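What the coordinates show
Now for the letters of each chain:
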Amino acid sequence: MENANHYNENDIQVLEGLEAVRKRPGMYIGSTSARGLHHLVYEIVDNSIDEALAGRCNMVKVIVNSDNSITVEDNGAGIPVGIHKQMGIPTVEVVHTVLHAGGKFGGGGYHVSGGLHGVGASVVNALSEFLEVEVSRDGKIYYQRYERGKTVTELKIIGESTHTGTKTTFKPDGKIFEVLEFDYNVLLTRFREMAFLNRGIKIILIDNRPEQSEEVTLYYEGGIISYVEYLNRKETVLHQPPIYISGEKDGSSVEISMQYNDSYVENIYCYANNIINNEGGTHLTGFRSALTKVFNDYARKYNFIKENDKNLAGEDVREGLTAIISVKLENPQFEGQTKEKLGNSEIRTLVEGIVNDKLTSFLEENPSISKLIFEKCLTAARAREAAKKAREMTRRKSALEGTSLPGKLSDCSERDPAICEIYIVEGDSAGGSAKMGRQRETQAILPLWGKMLNVEKSRIDKVYGNEKLLPVITALGANVGPDFDIEKLRYHKIIIMADADVDGSHIRMLLLTFFYRYMRPLIEHGYLYIAQPPLYKVEKGKEFFYAFDDDELDIKVQEKGWSRQDKNLTIQRFKGLGEMKPEQLWDTTMNPATRIMLKVHLEDAVIANEIFSDLMGEKVEPRKEFIQENAKFVQNLDI
């Protein structure tokens, strides 16, 4: 690769030293769980991607070594190795041992960078058992080794090279991380995303662990057009290929690719300098407002909307839309350390202008595609009006009956949502036990019976007409879909409690689909949980314990020195929640001091959307493939 920009030791600026990373790793990588472990790899790879954005790199290789160490190699310019004027040590050593030292704080090294805080290499070094770096630069190969953030060898020349680039090998520290095993599929998903967002960059992922032995090359000439096609690969699309528009101004660039499918779901993913912004930001706001304006202007011009008809709403024009919005800018302003939301006001204006101009031209030049899209938008508008009428009918009915809460709800006496929780319980029998066993001040119980609507296959008007979902909507008090208001939520813990059998799993999945599609802020705010009732009660004499699965049962029996063949040992297997007495349900599943619950959180919106679509969507084939791929992990299929 030809070096597009000058980059040397003068571009590296130091802000502060490296002190607290090992003491408080969560401040820098989020957590010491599997999520934080994988974040280490992303930090190093992001540095290579920044080299690519600067025009100095077109290949990144990531290797999971047999000892669970990681090697990241690129063909960029190579980290500068000259003596740093401020620190008096080699610049590559500064980058790896001093926090906030990097080429992204005003030097000329990088025009666009995702590594906003410049803490990547030093943090990875601090949290690794060892880190070795090889820099190919100026015809030579330079080497240095660090252990737990400390330099253990001087920078030395170990060979000659006709190429340039940086090769980093590190092993996460077992004293820091709860897990040390890298998940190949997690890495694959992340790097596929990076390859889509950076057209022309080749990312090679190799897993050299004996039980894995995988290798894949990720390279997408189509960039985000290929990304949209990938996201819609299991959907029935309305037009082919995806729409693509782009533009730039004052050093900032915008790329947008969009394609409609026949689903009822909107999937728009926003990125700024390759960083996903799960909460959107100014680029999303600009896109949405321009999209609605362009569609309404076009619809009125060509009589898709009659003179006296209302305009299409934003949700009408986004139904079934899959879109990628990718912006690159010099000084991104993110809201919050996690970079969830972009705040640059000038980006909204830039996106709006590009969409207004170029999407209008596309619609004018492709009337047959425009007609297909508008037919879907108009159908969505009619469904929205039907949902509005159904909602009003529901409100009138509630007012006539003199109560706005469902009859089967046993509410709690406390009114502060922050300390209130509601158990959505499968079946009247289990609901009865839960009502008798609960803590009445703070715990509400809502029994559900039968299987509710699969919202993945339905528009919102059907949701309001469903007798199984309506009690949930009413009890929570925050409405659904575009009308959802997190401030009106009556409980800050919503707990799904269903039997540990096939039917219970199906009900959990139906409810999760509903919450994800129509009350997604519940998940984003961390308010949704899944109860974990035990499978077993084991008794011997006056002693007893509960076990949540077969593994725990075996471990606890062994710990007590009991034998499963002992005739005095009684093992009760609960077939359903209804079999448990109120005091048992309280002790094992509802007592805040002793219960175990799974918190539902959104790790990756792209993966989450794909799973819901596969499992609950119209197409059978993706569901069949999912079952075949995961059948080997199933235990106790019908318990």
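Before going into details, it helps to say that this report is about the structure given with it. Bear in mind that the values here come from a model prediction, so they are computed numbers and not experimental data.

Further remarks concern the pattern of salt bridges. With the rule as written, the count across this model stands at 30 salt bridges. A salt bridge links Arg348 to Glu352; the nearest nitrogen and oxygen atoms lie 3.2 Å apart. Of this pair, Arg348 and Glu352 both sit in helix H9 (residues 345-365), four residues apart, roughly one helical turn. Looking at Arg348, the relative accessible area reads 35%, which means it is partly exposed. In this structure, Arg564 engages Asp554 in a salt bridge whose closest nitrogen and oxygen atoms are separated by 2.7 Å. Linking Arg564 in the loop between helix H16 (550-559) and strand E25 (569-573) with Asp554 in helix H16, this pair joins segments that are 10 residues apart in sequence.

Attention shifts here to the sheet that holds strand E19 (residues 421-426). Taken in spatial order, the five strands line up as E20-E19-E21-E22-E26 in an open sheet, and their pairing is mixed. Strand pairing shows two members of the sheet lacking a second neighbour, strand E20 (443-448) and strand E26 (597-599), which therefore form its edges. The sheet shows a mean angle of 25° between the axes of neighbouring strands, direction not considered. As defined by bridge partners, E19 adjoins strand E21 (residues 493-497) across five bridges and the pair is classed as parallel. Counted as the bridge partner of Val425 is Met497 from E21. Packing of helix H11 (residues 428-437) onto the sheet brings it into contact with E19, E20 and E21, and relative to E20 it is tilted by some 170°.

The next thing to look at is the packing of helix H2 (residues 34-53) against helix H5 (residues 184-197). For the pair H2 and H5, interaxial distance at closest approach is 11 Å and the crossing angle is 25°. Relative to H5, H2 is oriented roughly parallel. Viewed along their axes, H2 and H5 form a crossing whose handedness is right-handed. Judged by residue contacts, His38, Val41, Tyr42, Val45, Asp46 and Ile49 of H2 engage Val186, Leu187, Arg190, Phe191 and Met194 from H5.

Before going further, it helps to spend a moment on the pairing of E19. Within E19, six of the six residues are buried, which leaves the element mostly enclosed by the surrounding structure. Burial along E19 is two-sided: Glu421, Tyr423 and Val425 and Ile422, Ile424 and Glu426, pointing in opposite directions, are all buried. One ladder, built from six bridges, connects E19 with E20; its direction is parallel. What sits directly across from Ile422, in E20, is Ala444. Following the chain from E19 across H11 to the adjacent parallel E20, one finds a crossover that is right-handed.

About the thresholds
- Residues numbered from 1 in each chain as written.
- Predicted model: local features only at pLDDT ≥ 70, side-chain atom pairs only at ≥ 80, totals over all residues.
- Heavy atoms only, no water.
- Salt bridge = Lys/Arg side-chain N within 4 Å of Asp/Glu carboxyl O.
- Helix = DSSP H or I, 4+ residues; strand = E, 2+ residues; numbered from the N terminus.
- Buried < 20%, exposed > 50% of the residue type's maximum accessible area, 1.4 Å probe, protein only.
- Pairing = 2+ DSSP bridges.
- Axes fitted to C-alpha atoms, helices over the stretch in contact; angles between N-to-C directions.
- Contact = heavy atoms within 4.5 Å.
- Parallel < 35°, antiparallel > 145°, perpendicular 65-115°, else oblique.
- Left-handed = near helix turned anticlockwise from the far one by under 90°.
- Right-handed = clockwise from strand over helix to strand, strands pointing away.

Function-wise, these values are silent; they only describe arrangement.
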